[in-house]
Amino acid sequence: MIIGIPKEIKDNENRVGMPPMGVAELVKHGHTVYVQKDAGTGSNFTDKAYEMSGARILPTMEEVYALSDMIIKVKEPIEPEYGLIRERQVIFTYFHFAASLPLTKAMMASGAVCIAYETVEKADHSLPLLTPMSEVAGRMAVQEGACFLEKAKGGKGLLLGGVPGVKPAKVLILGGGTVGSNAALIAAGMGAEVIITDINLNRLRYLSEIMPRNVTTLYSSEHNIRAELPSTDLVIGSVLIPGNKAPHLITKDMLGLMAPGTVMVDVAIDQGGCFETSHPTTHSNPTYVVDSIVHYAVANIPGAVPNTSTQALTHATLPYAIALADKGWEKACKDDASLAAGLNIVKGKIVYKAVADAFGLKFDD
C-alpha cells in the first residue's frame with residue numbers, strides 16, 4: 001500500500017501523523033511511505049531521519065494526497081484539504097465528527113473511508129487511540145490552568161500548590177476518566193486541593209483508593225457542582241461520550257457562582273465542549289473571558305508538546321496502521337472489531353450512530 005504523511009496545517013499543530021520509527025515499521029512490511037517535506041519539523045523529526053527510515057519526501061501536500069491510498073494524520077482535515085481527499089481513499093486520524101457538520105458533510109462528499117482514532121474501541125470499552133493523547137491533555141490541562149491563574153494572564157493570582165502558611169488553590173475536575181485522572185495526579189502532585197467528579201460509583205471507588213490524600217471524589221450532579229464552584233479556582237472539563245457531543249456541565253448562569261479570575265480548561269472542546277460558554281481556541285490565542293471567568297479551550301492541547309505527543313500516539317496507532325496497510329481496510333476491520341468501531345464515514349455513508357444522531361442524518365449500519 002502507498003501511505004501518505006502530510007504536514008499538519010491546523011493552527012499551531014506541530015505533531016505529525018507518524019515519526020521515523022513508525023515509517024520504518026511500515027516500510028519493513030513492504031509498504032511505500034510518502035512524507036511531505038518538513039512534516040516532522042515541528043516535532044523535531046528531520047526529513048533526513050525520515051529518508052533514513054525508508055520514506056520518500058514529497059514537496060507538497062497535494063502530491064502526498066494524490067499518490068497515497070491511505071493518509072495518516074493527527075488532526076481532522078480542514079477546508080484546504082477537503083478537495084484533496086478522493087473516493088475510496090482511507091483517512092486515518094482524529095475526526096471528532098460530532099463537533100463539526102461542515103467536516104462531516106465534506107467527508108461524506110469525498111467518498112473516502114474515514115477511520116477515527118477516537119472511536120476505535122476495545123471490548124472492555126477502552127479507547128486505545130484516544131488514551132495517549134488524553135494522558136497528555138490531562139496533564140497539560142493542569143499545567144496550562146496553573147499558568148493562567150497568574151494575575152498577568154487574567155487569573156486570580158494564585159500559586160496552585162500554595163506555600164507554607166498559605167492555602168493551595170482548589171481544582172475541580174469534571175470526569176474521572178483518563179483525562180481527569182491524569183489531571184488529578186498532576187494537580188495533586190503540585191500540591192493543590194483536588195476534587196474529581198464522576199457519575200460512575202465504581203470509578204469513584206477506584207479513584208479514591210489510588211489517588212493521593214489531597215484528592216477527594218464527588219458524585220457528579222448539577223447540585224454538587226454548583227455547591228463547589230464558589231470556592232473553586234480552576235475547573236477542568238474532561239467528560240467524554242465516545243463519538244458524541246460532550247454534555248454541558250457548566251452552564252452560562254453558573255459562571256456567576258465563581259469568583260472573577262477563576263480559570264476553566266475545557267479539554268472536551270474537540271467534542272463540542274462541556275462548558276456552555278466554550279468555543280475552540282488556538283495555542284496562539286488560547287483564552288478569552290466571559291463574565292470575568294477565563295476560558296481556555298484549545299482544541300489540540302497535546303500539540304504544544306509535539307515530540308512527546310507524536311511518539312505516544314504512534315505507539316498506539318502503529319499496530320492498527322500496519323493492519324490496515326497489510327490487509328486493506330475491509331479485511332482489517334472484519335478481523336478486528338475494535339478497528340471496525342473506528343469506521344465513521346464510508347463512501348458517503350455515516351456508519352457511526354452517534355455522528356448521525358448529532359446532526360439528524362441517516363445512519364447506515
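What you see is a predicted model; the values in this text were computed from it and never measured. (Residues numbered from 1 in each chain as written. Predicted model: local features only at pLDDT ≥ 70, side-chain atom pairs only at ≥ 80, totals over all residues. Heavy atoms only, no water.)

Chemist: Please explain the overall build of the chain as it appears in this structure.
Modeler: When helices and strands are counted, the chain shows 13 helices and 15 strands. Taking 365 residues into account, the globule formula puts the C-alpha radius of gyration at 21 Å, and the chain, at 21 Å, falls close to it. When its C-alpha atoms are laid out on the principal axes, the chain stretches across 60 × 45 × 35 Å. When each of the 365 residues of the chain is scored for burial, the buried share is 53%. Split by element, the accessible area of the chain, about 15,000 Å² in all, is 54% carbon and sulfur. For the chain, the separation between the mean place of its 32 positive charges and that of its 38 negative charges on side chains is 1 Å. (Helix = DSSP H or I, 4+ residues; strand = E, 2+ residues; numbered from the N terminus. Rg over C-alpha atoms; globule rule 2.2 N^0.38 Å. Buried < 20%, exposed > 50% of the residue type's maximum accessible area, 1.4 Å probe, protein only. Areas by Shrake-Rupley, 256 points an atom, 1.4 Å probe, with all protein chains shown as cover. Lys, Arg positive; Asp, Glu negative; His and termini not counted. Charge placed at Lys NZ, Arg CZ, Asp CG, Glu CD.)

Chemist: Looking at this structure, how should I read the environment of Ala-112?
Modeler: Its place among the elements puts Ala-112 in the loop between helix H5 (101-110) and strand S6 (113-116). The class of Ala-112 is buried, set by a relative accessible area of 0%. Spatially, the C-alpha atom of Ala-112 lies 5.2 Å from that of Lys-347, the residues being 235 residues apart in sequence. Aside from chain neighbours lying at most four places away, what touches Ala-112 is Ile-85, Arg-86, Glu-87, Arg-88, Gln-89, Ile-91, Met-107, Ile-345, Val-346 and Lys-347. (Contact = heavy atoms within 4.5 Å.)

Chemist: Is there a simple way to think about the pattern of salt bridges in this case?
Modeler: It is possible for side chains of opposite charge to pair when their charged atoms get near one another. For the structure on display, the rule yields 17 salt bridges. Between Lys-73 and Glu-81 there is a salt bridge, with its nearest N and O atoms 3.3 Å apart. As far as burial versus exposure is concerned, Lys-73 and Glu-81 are alike and both buried. For Lys-75, the salt bridge goes to Asp-270, with nearest N and O atoms at 3.3 Å. A residue pair is termed long-range when its members are at least 10 positions apart, and Lys-75 in the loop between strand S4 (70-72) and helix H4 (79-82) and Asp-270 in the loop between strand S11 (263-266) and strand S12 (287-290) qualify at 195 residues. What you see here is one network of salt bridges that share partners, running through Lys-10, Lys-75, Glu-76 and Asp-270. (Salt bridge = Lys/Arg side-chain N within 4 Å of Asp/Glu carboxyl O.)

Chemist: I would appreciate a short explanation of the pairing of strand S7 (residues 170-174) in the present structure.
Modeler: A large share of S7 lies buried, amounting to five of its five residues. Residues of S7 alternate between two faces, with Lys-170, Leu-172 and Leu-174 on one and Val-171 and Ile-173 on the opposite face, all of them buried. Inspection of the sheet shows S7 paired to strand S10 (residues 234-237) by four bridges, in the parallel sense. Considered in S10, the bridge of Leu-172 is made with Val-235. (Pairing = 2+ DSSP bridges.)

Chemist: When you look at the packing of aromatic side chains in this model, what are you seeing that I'm missing?
Modeler: A ring pair, where both rings are aromatic, is described by two values, the distance of the centres and the angle of the planes. A full pass over the atoms with the stated rule returns four aromatic pairs. When the centroid spacing of 4.9 Å and the interplanar angle of 85° are considered together, the rings of Tyr-94 and Tyr-117 count as edge-to-face. In this pair, Tyr-94 sits in the loop between strand S5 (90-93) and H5 while Tyr-117 sits in the loop between S6 and helix H6 (131-148), placing the two residues 23 residues apart along the sequence. As far as burial versus exposure is concerned, Tyr-94 and Tyr-117 are alike and both buried. Between Phe-95 and Phe-97, the ring centres sit 4.5 Å apart and the planes meet at 10°, which makes this aromatic pair stacked. You'll find Phe-95 and Phe-97 in the same group, each marked buried. In textbook terms, an aromatic cluster arises when at least three aromatic residues are bridged by ring pairs, as seen for Phe-92, Tyr-94 and Tyr-117. The ring centre of Phe-148 lies 5.5 Å from the NZ or CZ of Lys-153, which sits over that ring. (Phe/Tyr/Trp six-rings, centres within 6.5 Å; stacked < 30°, edge-to-face > 60°. Lys NZ or Arg CZ within 6 Å of the ring centre and 35° of its normal.)

Chemist: Just checking my understanding: could you explain the nonpolar core for this structure?
Modeler: Grouped burial of nonpolar side chains is what soluble globular proteins tend to show. Counting 72 residues, the largest nonpolar core has Ile-72, Phe-92 and Ile-236 as the members making the most contacts within it. Setting aside anything within four residues of it in sequence, one finds Phe-92 in contact with Ile-71, Ile-72, Lys-73, Ile-115, Tyr-117, Leu-129, Thr-317, Tyr-320, Ala-321, Leu-324 and Leu-339. With 22 residues, the next largest nonpolar core counts Ile-71, Ile-91, Tyr-352 and Ala-356 among its residues. (Core = buried A, V, L, I, M, F, W, Y, C linked by side-chain atoms within 4.5 Å.)

Chemist: Explain the sheet that holds strand S13 (residues 293-296) to me, please; I cannot follow it from the model alone.
Modeler: Sheets are built from strands that pair by backbone hydrogen bonding, the pairs being arranged parallel or antiparallel. The mixed open sheet is built from seven strands, whose spatial order is S9-S8-S7-S10-S11-S13-S12. At either margin of the open sheet sits one strand with a lone partner, and together these are strand S9 (215-219) and S12. Direction aside, neighbouring strands of the sheet carry axes that sit 20° apart on average. Sitting on the sheet, helix H7 (residues 178-189) is in contact with S7, strand S8 (193-198), S9 and S10, with an inclination near 170° to S8. Most of the contacts of helix H8 (residues 201-210) go to S9, to which it runs at about 170°, and overall it touches S8 and S9. (Axes fitted to C-alpha atoms, helices over the stretch in contact; angles between N-to-C directions.)

Chemist: I would appreciate a short explanation of a nonpolar patch on the surface in the present structure.
Modeler: A cluster of nonpolar side chains, contributed by Leu-159, Val-163 and Val-166, occupies part of the molecular surface with about 280 Å² of accessible area. For Val-163, the position within the fold is in the loop between H6 and S7. Classification of Val-163 by relative accessible area gives partly exposed; the value is 46%. (Patch = residues over 30% accessible without salt bridge, like charges linked within 9 Å, V, L, I, M, F, W, Y side chains within 5 Å.)

Chemist: Is there a simple way to explain helix H10 (residues 306-327) in this structure?
Modeler: An ideal rise of 1.5 Å per residue puts 32 Å on 22 residues; H10 measures up with 30 Å between its terminal C-alpha atoms. Gly-328 lies just past H10 and shows a positive phi near 85°. (Expected span 1.5 Å × (residues − 1).)

Chemist: Explain the side chain of Asn-300 here, please?
Modeler: Here Asn-300 is to be found in the loop between S13 and H10. Beyond its immediate stretch of four places on either side in the chain, Asn-300 contacts Asp-11, Asn-12, Glu-13, Arg-15, Lys-75 and His-283.

Nothing here speaks to function; it is geometry throughout.
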